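Structural description and commentary
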Amino acid sequence: LEFTPLAKLTGSINLGQGFPNWAPPEFVQKAASESALGKDYSTYARSAGHMNLVNEICYQYSQTLKRDLTPENVLVTVGATQGLYLSIQAFVEEGDEVIVIEPAFDIYYGALEMVKAKIIPIPLKSAAHIQSSKDLQLDWEAIKSKLNKKTKAIIINTPQNPCGKCISKAEIQQLATLLEPYPDCIVISDEVYEHLIFEHQEHTALASVGSLYDRCLSVYSAGKTFSVTGWKIGWVVGPKILMQKLQYLQQWMVFSVGTPLQEAVARALKSARQAFEKFDDYYAWFRDFYSHKRSLLFQGLKELGFNPILPQSGFFILSDIKGIEFEAPVMDKIIQWDKTGELSLDYNTLELKDYQLARYLCLEYGVVTIPMSSFHLNKNNKQAQQWIRFAFCKEDQSIEEALNKLKGFNK
Ligand code: PMP
């Protein structure tokens, strides 16, 4: 609410919000333009999802989750955001406890606050010197100590935003074991970055491990995979008994999601399995494409003294700002923009180091980043203030320009 408008108002390069700033691949564009024509897809879609897309999802995720999925196991949503929202609305009630691994995508907090859930944040455990997102670990002792009969859900995000942590199969197995005594606790697994994994690692879907499927709602999105964040097409996959509730809510909430874009995503999913640009399929090309951007931003930030942490996955890089000194930003303009409603300033963040640095980099250097305390329930969290987040889902030219603008900072 503050930094995206701020990027526009100051004409800064936006390495803040995670949206690719290029046109989607041609096969995706073609799928959309063809689906928008004529009368075939111009009427309401089936409430739980347009069948062509649902069938594609069943086909693809039967492999990912190692299950035979049928349409009863699928719901198409307005982006992953609505999938997460519905999962929470359907199962979490006032006072229920929900475990969130911090730092966490901020939408979880909002959706949980709307149902008046009791949010139980559990920070990732970090090694003394963090060089890679591998140095961030799930804190098993803390998870075990917080799980109880009132725990209604645990939200897991892998590959994770903002740290780029990718949870291994062994870790998922451990989670499954810890949850065994709590049959009423569901798992909401946000896997929107499923295809963004580097260095030949594999993404393991939580629901593909042990008995987790029976309690798991797996949430996905076309936005990241096909560089179409504005399309807002997502889907949830899970066992029939859980999905029925989501499908019921969807019917009374938006009834159905736009048909042409559902058809377009169905076609894109089918095409993505074909060879693409000398790669075996689109996903292999996609990983290679992002791998280059990751190196470009990582190397650049390293040279500039921003202490970047190498992400295993996702499209964000954290920078450790502990040792970085800077002047407090001059807030006049931002306060003025808040007054005129052009952005929304949270006055509780004025003194936070990471917010101050993010504002300073924007106002003085023309580069927008995101402060890490915004990914925490308690923004005063001292540890959280040690980081800012840079996004590399940007054209090389934007990344290079941003690095150029930041030259001279921290010297
Ligand atoms: N989950 C995570 C972890 C995300 O980073 C995002 C987008 N930033 C979403 C969900 C939302 O996805 P969508 O745009 O499909 O609603």
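Everything in this summary refers to the structure shown in the same document. For clarity, every value in this text was computed on a predicted model and none was experimentally measured.

Taken together, 13 residues lie around the ligand, and Thr81, Asp190, Tyr193, Ser221 and Lys224 are the ones closest in. Between Tyr193 and the ligand, the recorded distance is 2.6 Å, taken from a side-chain N or O atom to an oxygen atom. The side chain of Ser221 places a nitrogen or oxygen atom 2.6 Å from an oxygen atom of the ligand. At a threshold of 2 Å from the grid points, most atoms of the ligand map onto the largest pocket. In terms of residue class, the shell around the ligand is built from 5 nonpolar, 5 polar and 3 charged.

To continue, consider the layout of surface pockets. By volume, the largest pocket amounts to about 1,200 Å³. For the largest pocket, the lining is made up of 44 residues, of which Leu1, Gln17, Phe105, Asp106 and Ile107 are closest to its centre. The set of elements that each furnish at least two residues to the lining of the largest pocket consists of helix H1 (3-10), helix H4 (79-91), helix H5 (107-114), helix H8 (222-225) and strand E14 (370-371). The residue inventory of the lining of the largest pocket, partitioned by class, reads 20 nonpolar, 15 polar and 9 charged. Approximately 750 Å³ is the volume attributed to the second largest pocket. Glu194, His195, Glu202, Tyr283 and Arg287 are, among the 24 residues lining the second largest pocket, the residues nearest its centre.

What follows covers the sheet that holds strand E15 (residues 387-391). If you walk across this open sheet you meet the 4 strands as E11-E12-E15-E14, and the pairing is antiparallel. Each having just a single partner strand, strand E11 (308-309) and E14 make up the two edges of the open sheet. Pairing analysis gives 2 bridges linking E11 to strand E12 (residues 316-320), with the strands arranged antiparallel. Opposite Pro308, over in E12, you have Ser319 as the bridge partner.

As a further point, take the packing of H4 against H5. Between H4 and H5, the shortest axis-to-axis distance is 9 Å and the interhelical angle comes to 35°. Judged by the twist between their axes, the crossing of H4 over H5 is right-handed. Touching Thr81, Leu84, Tyr85 and Ile88 of H4 are Ile107, Tyr108, Ala111, Leu112 and Met114, all from H5. Of the residues in the contact of H4 with H5, the class split is 8 nonpolar, 1 polar and no charged.

The next thing to look at is the pairing of E15. Both faces of the sheet carry side chains from a regular strand, because those side chains alternate between them. Within E15, 5 of the 5 residues are buried, which leaves the element mostly enclosed by the surrounding structure. The two faces of E15 match: Trp387, Arg389 and Ala391 on one face and Ile388 and Phe390 on the other face are all buried. Sheet topology note: the E12/E15 ladder contains 5 bridges and is antiparallel. In the sheet register, Leu318 faces E15, and the bridge partner there is Arg389.

This structure, assessed with the given rule, holds 31 aromatic pairs. Consider the rings of Phe3 and Tyr355, whose centres lie 6.0 Å apart with planes at 45°: the pair is tilted. Of the two residues, Phe3 sits in helix H1 while Tyr355 sits in helix H13 (residues 353-365), which places them 352 residues apart along the sequence. Taking the relative accessible area as the measure of exposure, Phe3 reaches 6% and is therefore buried. A relative accessible area of 6% means that Tyr355 is categorised as buried. With centroids separated by 6.0 Å and ring planes inclined at 50°, the aromatic side chains of Trp22 and Tyr290 adopt a geometry described as tilted. With Trp22 in the loop between strand E1 (13-14) and helix H2 (26-36) and Tyr290 in helix H11 (residues 282-303), this residue pair connects regions lying 268 residues apart in the sequence. The lysine or arginine in question, Arg389, covers the ring of Phe316, its NZ or CZ lying 3.6 Å from the ring centre.

The rules we used
- Residues numbered from 1 in each chain as written.
- Predicted model: local features only at pLDDT ≥ 70, side-chain atom pairs only at ≥ 80, totals over all residues.
- Heavy atoms only, no water.
- Near = heavy atom within 4 Å.
- Polar contact = N/O pair within 3.5 Å; in protein donor to acceptor, adjacent residues only side chain to side chain.
- 1 Å grid on protein atoms, 1.4 Å probe; cavity = no way out; pocket = protein on both sides within 12 Å on 5 of 7 lines; lining within 4 Å.
- Sits in = over half its atoms within 2 Å of the grid points.
- Nonpolar A, V, L, I, M, F, W, Y, C, P; charged D, E, K, R; others polar.
- Points joined across faces, edges and corners; volume = space filled by probe spheres on them.
- Helix = DSSP H or I, 4+ residues; strand = E, 2+ residues; numbered from the N terminus.
- Pairing = 2+ DSSP bridges.
- Axes fitted to C-alpha atoms, helices over the stretch in contact; angles between N-to-C directions.
- Left-handed = near helix turned anticlockwise from the far one by under 90°.
- Contact = heavy atoms within 4.5 Å.
- Buried < 20%, exposed > 50% of the residue type's maximum accessible area, 1.4 Å probe, protein only.
- Phe/Tyr/Trp six-rings, centres within 6.5 Å; stacked < 30°, edge-to-face > 60°.
- Lys NZ or Arg CZ within 6 Å of the ring centre and 35° of its normal.

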